[in-house]
Amino acid sequence: MLDDSKPLFVSVAEQIEDGILDGSYPEDAAVPSTNELAAFLRINPATAGKGLGLLVDAGVLIKRRGIGMFVAPGARAALRERRKLAFEDQFIAPLLREAAALGISPAELANMITKEVAR
């Protein structure tokens, strides 16, 4: 499903990234064409193409002239690393700032997380 809070082409790119990360699109496998994506998602082909273009520019997909786009070697590891860094920036850093503001020690925070995971 596409995320309405982001530009449509970004959501298209993230959907393909999710497929790479979960193994739906293994390295060297073909991904849906611009027209296939547009038809499946019921969006403009230019929007689907822009999303795929983001992934080509990022080195996640490679174009093979006349046959389509394929998952680049090493794409899964690169995506995983990029998303880990984004997770740290979006969630961990703010969590640590808020914990410090509340006087929660790292040990207390670790215990809170461990307790939540056990639920």
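Further up the page is the structure itself.
My aim in this report is to walk through the structure given alongside it, one point at a time. Because the structure is a prediction, the values reported are computed rather than measured.

The rules we used
- Residues numbered from 1 in each chain as written.
- Predicted model: local features only at pLDDT ≥ 70, side-chain atom pairs only at ≥ 80, totals over all residues.
- Heavy atoms only, no water.
- Axes fitted to C-alpha atoms, helices over the stretch in contact; angles between N-to-C directions.
- Helix = DSSP H or I, 4+ residues; strand = E, 2+ residues; numbered from the N terminus.
- Parallel < 35°, antiparallel > 145°, perpendicular 65-115°, else oblique.
- Left-handed = near helix turned anticlockwise from the far one by under 90°.
- Contact = heavy atoms within 4.5 Å.
- Nonpolar A, V, L, I, M, F, W, Y, C, P; charged D, E, K, R; others polar.
- Pairing = 2+ DSSP bridges.

### Thoughts on the packing of helix H2 (residues 34-41) against helix H3 (residues 45-57)
In contact at an axis separation of 8 Å, H2 and H3 are set at 120° when each is read in the N-to-C sense. Taken together, the axis directions place H2 and H3 in an arrangement best described as oblique. Along this stretch, H2 crosses H3, giving a crossing that reads as right-handed. Of H3, the residues touching H2 (which contributes Thr34, Asn35, Leu37 and Ala38) are Pro45, Ala48, Gly49 and Leu52. Grouping the amino acids of the contact of H2 with H3 by side-chain chemistry returns five nonpolar, three polar and no charged.

### Concerning the packing of helix H1 (residues 8-21) against H3
Geometry of a packed helix pair, given as the angle between the helix axes and the separation of the axes. For the pair H1 and H3, interaxial distance at closest approach is 8 Å and the crossing angle is 55°. Judged on the interaxial angle alone, H3 and H1 are oblique. Judged by the twist between their axes, the crossing of H1 over H3 is right-handed. Taking contact as the criterion, the partners of Leu8, Phe9, Val10, Val12, Ala13, Ile16 and Glu17 in H1 are, on H3, Thr47, Ala48, Lys50, Gly51, Leu52, Leu54 and Leu55. Class assignment of the residues belonging to the contact of H1 with H3 gives a composition of 10 nonpolar, two polar and two charged.

### What to know about the pairing of strand E1 (residues 61-64)
In terms of strand pairing, E1 meets strand E2 (residues 68-71) through four bridges, oriented antiparallel. Residue Lys63 lies in a different strand from E2, and its bridge partner there is Met69. Once E1 ends, the chain turns through three residues before running back antiparallel as E2, passing Gly66 with a positive phi of about 85°.

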